[in-house]
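In case you want the letters, here they are:
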Amino acid sequence: MTKIDEKNIENKLRQVIETVDVANALTEPLTATIDSLLKTSAAKMNSEEASVLIRHGSEGDLLFLCAIGKVADKIVGLRLPAGKGIAGFVFSSGQPIAVSDVGEEESFYAEVDKKTGYSTETVLATPLIYSGNVIGVLEYVNRVGFAPYEPFTPEEMELAAIYADTIAGIVNAYESASLFKDLSKRILSEEDSSSFSDIQNWLKKLRNTTHHKDMIELAILVYEISHRGEAERNLCKEILNSIVNFTDNNLDSKFSRL
Amino acid sequence: MTQLRQFSINSDWKSGAGKGVRIAIIDSGVDKNHQDLEGKIDKSYEAKRDNNKIIFEETDRGDTAGHGTACAGIISRIAPKAKLSSIRVLGSGGLGDGHAFLAGLEFAVNEKFNVINLSLGTTKPQFAPPLHDLLDRAYQSGCIVVAAANNFPQPSFPSVFSSSLISVSKNSETDYFNFGFKFGEIIELTAPGVNVKTTWLNNGHRKLTGNSFACPHIVGIIALLLEKYPKMTPFEVKTALYSIAISNQKQKN
């Protein structure tokens, strides 16, 4: 590969990364704001866990978008089938409800509890309504402290409806930003294939090399480290830069380092 | 031409059990195998899409959410001899939108149920005019529709309509005969809806809070009234309820 080709591919790769960055920059502050609202509202509601579920697909399924509490990491990304459980009902009916004595049976949130190891005992679920449409569900689960938990009160139900009103606006913005994110991904992978054909060819070539598996593993490692926090990201960058500087003179081209 | 008539009620209606009264529960379905509901569910229908139409067929599928079963438990506790039917418009299969809800209500009106429990609503304004027309039709044909209010700043249809249906919000009372009345407010009747213990899926029970559970209390009360006074019109039922509620409040004070 000539120096000019490499420069060309490098520029286009930068474009790809910048586009993905812009898309992420649109959604991440929104989920961070929802997390922050969940923390504030859960404290006010004296609730141990809180989560926001959004519509997923056209069949009425729900997806945990954000959560706070002990099992937040395990909940985010879980899907609930249409119409199932309290959240499913609240989503399809638009009616808020509070349920207590859930612990009497296994059937209630068995699937979610099985995956998280958590025990759901009392729930308050309220719909997220934007422009007359139900776009998700806000849930508060259990109380701070130990079971048996006090049921959620009618006053807390009204308070939850106010939080839901604010969160619904942010969820709507998140959905719009996600559309842009999906669109940019599609543009990069299909629609603008002529412009990015160099990169695609380069990736194809890369997959045929014996180094490919190693490189994928390295990429996954970097990806995992980069999601552990800012300190870990900085440390990772420093180490990688040191390696790059050390080996710079021994490599043929800047691009083959990838 | 129907003659205008005077009517009055005695408190003996309270000893009834809702015998002969047909009630439709438009909701997530009802688990008719629940031990507390055995023999009390007359028919179960389910909404299905047939090309561009929504049709209703008899079904054995019960309830996946629990909400309809909870409403049925409340009604049958007050009116154990009423004939309950489930019209499922919520649940899997992409249903649960305003169209299925509207179609379910139309089906219930056409089937001439005496009372319809509507612990549901929609905030979509495009459904307001057809719902209004349908409720007028129900009112004129003698079908009493009871709807739950919602807790939001946005209006929920049909509960905000005041003429042709009865709307209910929750109170913290435990005695279902002790329902209340708030004249001048959009939602005029209040009934128990806080920590109400009722039937749930898998032969279980739950304590539930929400306007959804105030609505079936009033449906149960209407079943008792209709057993004693089967010729009462929707207007008379509404008037009787207001009158009883005011008398409840006077006794309280």
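Above: the structure in question.
Below: a short report on this structure. Here, residues in each chain are numbered from 1, in the same order as that chain's written sequence. Chains carry letters from A onward and ligands carry numbers from 1 onward, assigned in written order. Thresholds applied to this predicted model are a pLDDT of at least 70 for local features of residues and 80 or more for the giving and counting of side-chain atom pairs; totals over whole chains, interfaces and linings are not thresholded and use all residues. Processing note: side-chain calculations cover all non-hydrogen atoms of the structure and skip hydrogens and water entirely.

1. A look at the overall build of chain A
Working step 1: Helix and strand definitions follow DSSP, with helices as H or I runs of at least four residues and strands as E runs of at least two, each counted in order from the N terminus. From N to C terminus, chain A includes eight helices and six strands.
Working step 2: When the elements of chain A are put in sequence order from the N terminus, they spell out α-β-β-α-β-α-β-α-β-β-α-α-α-α.
Working step 3: The buried share among the 258 residues of chain A stands at 44%.
Working step 4: When the accessible surface of chain A is summed, it comes to about 14400 Å², and 55% of that surface belongs to carbon and sulfur atoms. Summary of the burial criterion: residues with accessible area below 20% of their type's maximum are buried, those above 50% are exposed, and those between are partly exposed, where the area comes from a 1.4 Å probe applied to protein chains only. Per-residue accessibility takes into account occlusion by the displayed protein chains alone, with areas from the Shrake-Rupley method and a 1.4 Å probe.

2. Some thoughts on the environment of Leu135(B)
Residues and elements named next belong to chain B.
Working step 1: As for its placement among the helices and strands, leucine 135 is situated in helix α3 (residues 128-140).
Working step 2: For leucine 135 and leucine 105, which are 30 residues apart along the polypeptide, the C-alpha to C-alpha distance reads 8.7 Å.
Working step 3: Those residues in contact with leucine 135, other than ones at most four positions away along the chain, are Leu105, Val145, Pro158, Phe161, Ser164 and Leu165. A contact between two residues is defined here by any heavy atoms of the two lying within 4.5 Å.

3. Some points on the interface of chain A and chain B
Frequently, the measure chosen for interface size is the accessible area that the parts lose on association.
Working step 1: On the side of chain B, 39 residues touch chain A, which itself brings 33 residues to the contact.
Working step 2: Accessible surface is computed with a 1.4 Å probe, and the buried area is the amount of it that two parts give up when combined, taken over both parts together. Regarding the contact of chain A and chain B, the summed buried area is about 2800 Å², with carbon and sulfur atoms giving 53% of it.
Working step 3: The salt bridge criterion pairs a side-chain nitrogen of Lys or Arg with a carboxyl oxygen of Asp or Glu, the two atoms within 4 Å. Where chain A meets chain B, there are zero salt bridges.
Working step 4: Counting of polar contacts relies on pairs of N or O atoms within 3.5 Å, with two restrictions inside protein: one atom must be capable of donating a hydrogen and the other of accepting it, and residues adjacent in sequence are counted only when both atoms are side-chain atoms. The interface formed by chain A and chain B contains three residue pairs in polar contact (both at pLDDT 80 or more).
Working step 5: Of all elements in the fold, only α3 (85-93), β4 (97-100), β5 (123-130) and α5 (154-191) of chain A reach the threshold of two or more residues within the side of chain A that touches chain B.
Working step 6: Among the elements that make up the side of chain A that touches chain B, the one with the highest residue count is α3(A) (five residues).
Working step 7: Looking at the side of chain A that touches chain B residue by residue, the class counts come to 16 nonpolar, eleven polar and six charged.
Working step 8: Where β4(A) and strand β11 (residues 204-209) of chain B come together, three bridges link them in antiparallel fashion. Pairing of Ser100(A) across the sheet is with Lys207(B), part of β11(B). Here the nonpolar group is Ala, Val, Leu, Ile, Met, Phe, Trp, Tyr, Cys and Pro; Asp, Glu, Lys and Arg are the charged ones; every other residue, Gly included, is treated as polar. DSSP bridges decide pairing: two strands pair if at least two such bridges lie between them.

4. Digging into the sheet that holds strand β3 (residues 53-58) of chain B
All names here are of chain B.
Working step 1: Strands sit in the order β3-β2-β4-β1-β5-β6-β7-β9-β8 across an open sheet of nine strands; the sheet is mixed. The open sheet has two free edges, formed respectively by β3 and β8 (180-181), since each of these has just one partner strand.
Working step 2: In terms of strand pairing, strand β7 (residues 166-171) meets strand β9 (residues 189-192) through four bridges, oriented parallel. When the bridges of β9 are listed, asparagine 171 appears paired with proline 192.
Working step 3: Between N-to-C directions, angles cover 0 to 180 degrees, with each direction set by a line fitted to C-alpha atoms, over the stretch in contact for helices. Of the strands in this sheet, β1 (22-27), β4 (83-88) and β5 (115-118) are in contact with helix α1 (residues 67-78), which crosses β1 at around 155 degrees.
Working step 4: Along the sheet face, helix α2 (residues 98-110) touches β1, β2 (41-50), β3, β4, β5 and β6 (144-148) and points at about 55 degrees away from the line of β3.

5. Examining helix α5 (residues 234-252) of chain B
Working step 1: Expected helix span is computed as 1.5 Å times (number of residues minus one). Along its 19 residues, α5(B) runs 27 Å from first to last C-alpha, staying within 8% of the 27 Å computed at 1.5 Å per residue.
Working step 2: Those residues of α5(B) lying buried are Pro234(B), Glu236(B), Val237(B), Lys238(B), Ala240(B), Leu241(B), Tyr242(B), Ile244(B), Ala245(B) and Asn248(B).

6. Brief notes about the packing of aromatic side chains
Working step 1: Only Phe, Tyr and Trp rings take part, Trp by its six-membered ring, and two of them pair if their centres are within 6.5 Å. Stacked means planes under 30 degrees apart, edge-to-face means over 60, and tilted covers everything else. Under the definition given, this model contains six aromatic pairs over all chains.
Working step 2: Ring centres of Tyr176(B) and Phe177(B) lie 4.9 Å apart, and the angle between their planes is 55 degrees; on these two criteria the pair is classed as tilted. For the pair Tyr176(B) and Phe177(B), a shared accessibility class is recorded, and that class is buried.
Working step 3: One aromatic cluster in this structure is built from Trp13(B), Tyr176(B) and Phe177(B).
Working step 4: The positively charged end of Arg143(A) is found above the aromatic ring belonging to Phe152(A), 4.2 Å away from the centroid. Sitting over a ring, as applied to charges here, requires NZ of Lys or CZ of Arg to be within 6 Å of the ring centre and within 35 degrees of the ring normal.

7. Let's talk about the packing of helix α4 (residues 215-228) of chain B against α5(B)
All names here are of chain B.
Working step 1: Contact geometry for α4 and α5: axes closest at 11 Å, N-to-C directions at 110 degrees. The orientation of α4 relative to α5 falls into the category roughly perpendicular. Judged by residue contacts, Ile218, Ile221, Ile222, Leu225 and Leu226 of α4 engage Val237, Leu241 and Ile244 from α5.
Working step 2: Classifying every residue of the contact of α4 with α5 by side-chain character gives eight nonpolar, no polar and no charged. Working rule for angles: under 35 degrees goes down as roughly parallel, over 145 as roughly antiparallel, 65 to 115 as roughly perpendicular, anything else as oblique.

8. Structural notes on the sheet that holds β4(A)
Working step 1: Taken in spatial order, the eight strands line up as β3(A)-β2(A)-β1(A)-β6(A)-β5(A)-β4(A)-β11(B)-β10(B) in an open sheet, and their pairing is antiparallel. Every other strand in the sheet has two partners, leaving β3 (79-80) of chain A together with β10 (196-200) of chain B as the edge strands with one partner each.
Working step 2: With three bridges joining them, β4(A) and β5(A) adopt antiparallel strand pairing. If you follow Ala98(A) over to β5(A), its bridge partner there is Leu124(A).
Working step 3: Against the sheet, α3(A) touches β1 (47-56), β2 (61-68), β3, β4, β5 and β6 (133-143) of chain A together with β10 of chain B, its axis set at about 150 degrees to β6(A).
Working step 4: Packing against the sheet, α1(B) makes contact with β4 of chain A together with β10 and β11 of chain B, and its axis sits at approximately 120 degrees to β10(B).

9. A closer look at the pairing of β9(B)
Working step 1: Of the strand pairs in this sheet, β8(B) and β9(B) are connected by two bridges, and their pairing is antiparallel. Each bridged residue has a counterpart across the sheet, and for Phe181(B) the counterpart in β9(B) is Leu189(B).

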